[in-house]
Each structure stands twice: as C-alpha cells, then as structure tokens.
Amino acid sequence: MGHMSEPTSEIAGSLVPMGKQQAMILLEAGYLWMDMGKYEKAKEVLSGAAALMPKSEVPQLAMGTLEFVQGRHEKALQAYRAAQKLAPRSGLPRAHCGEALLFMGKVNEAMKELKAACEIEPDGDGARLANALIEAKEVGALPPPRKKK
C-alpha cells in the first residue's frame, strides 16, 4: 500500500509531459465551467492550468476570457497583456487586448492592437478575430454604448 502515494507527489513536484496534458484537460474543464456560468469553478481550474504551463499564453488567454464574459474588461485586459508578454509573436493575445480595449471604449488603442494582430500573423486566429472586431467597429456595432449611470 505504501507505494501508492508516490506517483502523485512525483507529478506535483515536476512539470514534465504529464503537466502539459493535465493543463490541457484543466483548460477544457475551465471553458466548460465558464459555459455553464460557474465562474468560480472555472477560475479554480484555469489557475491550475496557468500554474502547470507558466510559459504558455494559452491559460492566460482563458483567464482573460473568463474575466471578459463577466464584464470585467480591465481584469481581462491584464490577463491578455500577460499572454501578450508570454507570446509576443502571436496575434491572438493582441486581438483579445484589442477586444477588451474596444469594450472599454478605448477605440484608438484598440485599433492599434487589432491592426498589429493582423500584421503579426496574417493567417492566424488572431487576425481572424481582429478582422471581425474591426468590421464590427466599422459598422458601428462596437464599442457598446456606454450605460448612463
């Protein structure tokens, strides 16, 4: 019975291939919880994924999305910026930064990020998202109207 407890401590202590796989499972779970509106649970598992993949922008983007869907655009932007630092050559973090900025009403700043996303990875997911957001801005769908307090 004594040898049963060893594998778990081994996994916790090292972030070898197992870590990446675990992190991907946690990410999936995080998005599922998010879809179900269970934001605390989502945050828990996404934080776990971020801890397992400290050098990856993917969990940071997920954390940003989690804040974003709750309308916390400032916090979303912080997470997207963290993702951007981890993956400066990736368009997706920039596109998401642009998205958050648009929703915050910072249109000029947002457009800079969105154009950068298109330039860095013209064929990537970031460019696709950025183009959709630019289009939404041009037809007047974004930024959303400010609620009068």
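The rules we used
Residues numbered from 1 in each chain as written. Predicted model: local features only at pLDDT ≥ 70, side-chain atom pairs only at ≥ 80, totals over all residues. Heavy atoms only, no water. Salt bridge = Lys/Arg side-chain N within 4 Å of Asp/Glu carboxyl O. Helix = DSSP H or I, 4+ residues; strand = E, 2+ residues; numbered from the N terminus. Buried < 20%, exposed > 50% of the residue type's maximum accessible area, 1.4 Å probe, protein only. pLDDT = per-residue confidence, 0-100. Contact = heavy atoms within 4.5 Å. Phe/Tyr/Trp six-rings, centres within 6.5 Å; stacked < 30°, edge-to-face > 60°.

### Some details on the pattern of salt bridges
1) Next: Within this structure, the stated rule accounts for six salt bridges.
2) Next: Residues Glu-109 and Arg-81 are paired through a salt bridge, measuring 3.8 Å at the closest nitrogen-oxygen approach. With a gap of 28 residues between them, Glu-109 in helix 7 (residues 107-120) and Arg-81 in helix 5 (residues 73-86) connect regions that are remote in the sequence.
3) Next: By relative accessible area, which is 36% here, Glu-109 ends up partly exposed.
4) Next: Note that Arg-128 is salt-bridged to Asp-125, the shortest N-O span being 2.4 Å. In this pair, Arg-128 and Asp-125 are both assigned in helix 8 (residues 125-138), three residues apart and thus about one turn of the helix distant.

### Considering the confidence of the model for the protein
1) Next: Mean pLDDT over the protein stands at 89; residues scoring 70 or higher make up 87%.
2) Next: Taken together, the stretch residues 1-11 has pLDDT below 50 and engages in two contacts with residues farther than four places along the chain or on a different chain.

### Some points on unusual backbone geometry
1) Next: Following Leu-142, the chain continues to Pro-143 via a peptide bond in cis, the omega torsion being -10 degrees.
2) Next: Here Pro-143 is to be found in the segment after helix 8.

### Here's the deal with the packing of aromatic side chains
1) Next: Here the structure, examined in full by the defined rule, presents one aromatic pair.
2) Next: With centroids separated by 5.0 Å and ring planes inclined at 85 degrees, the aromatic side chains of Phe-68 and Phe-103 adopt a geometry described as edge-to-face. Of this pair, Phe-68 sits in helix 4 (residues 57-69) while Phe-103 sits in helix 6 (residues 91-103), and the two are 35 residues apart along the sequence.

### Some details on the side chain of His-73
1) Next: Mapped onto the elements of the fold, His-73 is located in helix 5.
2) Next: Among the residues examined, His-73 registers a relative accessible area of 18% and is labelled buried.
3) Next: Residues within four places of His-73 in sequence aside, it is in contact with Phe-68, Ala-100, Phe-103 and Met-104.

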